[in-house]
Every structure is written in C-alpha cells, then in structure tokens.
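Breakdown of the fold
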Amino acid sequence: METDAKHERPAGSPAASVVHSLHERKETLATVESLTGGLLSAAIVEIAGVSGIFRGGLVVYATELKSELAGVPEDLLAERGPVDPDVAAALAEGGRRRCGADWGLATTGVAGPEPQDGKPVGLVYVAATGPGGTEVRELRLDGGRDHIRSAAVIEALRLLAEQVHAAAQADEAESADEVEDADRAGAGQR
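Residues numbered from 1 in each chain as written. Predicted model: local features only at pLDDT ≥ 70, side-chain atom pairs only at ≥ 80, totals over all residues. Heavy atoms only, no water.

1. Notes on the sheet that holds strand β5 (residues 133-140)
With mixed pairing, the 5 strands of this open sheet are ordered in space as β2-β1-β3-β4-β5. Edge positions in the sheet fall to β2 (54-59) and β5, since each has one partner strand and no second. For this sheet, the mean angle separating the axes of adjacent strands, direction not counted, is 10 degrees. Two elements, strand β3 (residues 103-109) and strand β4 (residues 123-130), share 6 bridges in a ladder whose sense is antiparallel. Bridging across to β4, glycine 109 finds its partner in valine 124. Sitting on the sheet, helix α5 (residues 85-99) is in contact with β1 (29-33), β2, β3, β4 and β5, with an inclination near 140 degrees to β3. (Pairing = 2+ DSSP bridges. Helix = DSSP H or I, 4+ residues; strand = E, 2+ residues; numbered from the N terminus. Axes fitted to C-alpha atoms, helices over the stretch in contact; angles between N-to-C directions. Contact = heavy atoms within 4.5 Å.)

2. Quick notes on the nonpolar core
Within the largest apolar cluster, 31 residues are counted, with the highest numbers of intra-cluster contacts made by Leu29, Ile44, Leu105, Val124, Leu157 and Leu160. Ranked by the residues each element gives to this core, the list is headed by helix α6 (residues 145-188), at 10 residues. Once residues within four sequence positions are removed from consideration, leucine 157 is found in contact with Pro14, Ala15, Val18, Leu40, Ala43, Ile44 and Leu105. (Core = buried A, V, L, I, M, F, W, Y, C linked by side-chain atoms within 4.5 Å. Buried < 20%, exposed > 50% of the residue type's maximum accessible area, 1.4 Å probe, protein only.)

3. Some remarks on the pairing of β4
For a regular strand, side chains alternate in direction, first toward one face of the sheet and then toward the other. Within β4, 8 of the 8 residues are buried, leaving the element largely enclosed by the surrounding structure. Taking every second residue as pointing to the same face, both faces of β4 are buried, with Leu123, Tyr125, Ala127 and Thr129 on one and Val124, Val126, Ala128 and Gly130 on the other. Sheet topology places β4 next to β5; 8 bridges connect them, and they run antiparallel. Bridge pairing links alanine 127 to valine 136 in β5.

4. Quick look at helix α1 (residues 14-25)
Helix length check: α1, at 12 residues, gives a terminal C-alpha distance of 17 Å against a target of 16 Å (1.5 Å per residue), a fit within 8%. Directly beyond the C-terminal end of α1, a positive phi value near 55 degrees is found at lysine 26. (Expected span 1.5 Å × (residues − 1).)

Below, the structure is given as structure tokens:
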C-alpha cells in the first residue's frame, strides 16, 4: 500500500471504506482524473462489490479534454490553467453530471518532475461533490512523481469519505427532526 500526504500508510483501505459507505447509502460515484491518470479509478475498482456504486470515470490529462469531456468552462481553464481549486470542483461536478452519479471525485495537479504553468511540483487539488455541495482540498505534496500521484489518490478518497460521512450525519439529523415533529403532531392530537 502506498503512503499518504504525511508519508504514512493509511489504516485499512480508504477505497474500501468509501465503497462500503456508498453501498450502504445506495449512492453512486464517478471520477475525473488528471494527474492520477486512472490510479484513483483503479483503487476504487479493486474493491469487491464496487459495480453497485461505481458508474465510471474520465481521464482528462490534456487540458482541452477537461472542457470537452468533463465540462469545465473553457474560460476558467484559459484564465487559471488546469491546476486550480475551481477547476478541480468543476471536474468533480462534470464527472458527476456526465456519468449520472450521486458523487463526483476529481484530481488535478502537478506530479513533476518539472513545474507546470508556474505551478510547483506537488501542488494538487482534490475535489468531492455530492448532494450536499462541493469540497476542494489543496495539497502540497513532496517526494517523487509516484508518491505525489499515490498520495493524491489516498487524500481524494479521504475527502470523499469525510463528505459521505457528513451527508450521513445530516440525513440522520433530518430523520430525527422528522420523528420529533411527528411525535409533537401526534401528541397534539390526543
């Protein structure tokens, strides 16, 4: 197993945790990858039972494909380049929409060995979008190209796990409020 942004091995499988959570919620996932070039999707599809939740993914390594396939606005790419938090968010949302999924997960950044468009090696953005909105996380990763790419996968999966967990908590709170409202309504009818 690869290491995360802090060069630590994650306990358990971040992909298995996400797949299990989404399976329990009966929700689906799509990915859009740039710098990880398919590693994120590969980590997800290694998990048994994934076919019930994984809709598919896009690998949009070339900048123009981020617009053509993932629906990132061309003016955003022209203005800021492909390594940008808003581009990461647009990639996640575009993948979610294009693949008809409940959740979208995206990666973009500079794996090296050279800086790209004035962005340093190791600057990575991961984004997760779902029913409750979009969250983007900036990572400043060190190490070689392989570590940067594998750490980006782990951190993207962690971000998605946090978002799915937050959605589950919001659903539980909403259900509790509905029960409480129903109890009050029932008590008023007695």
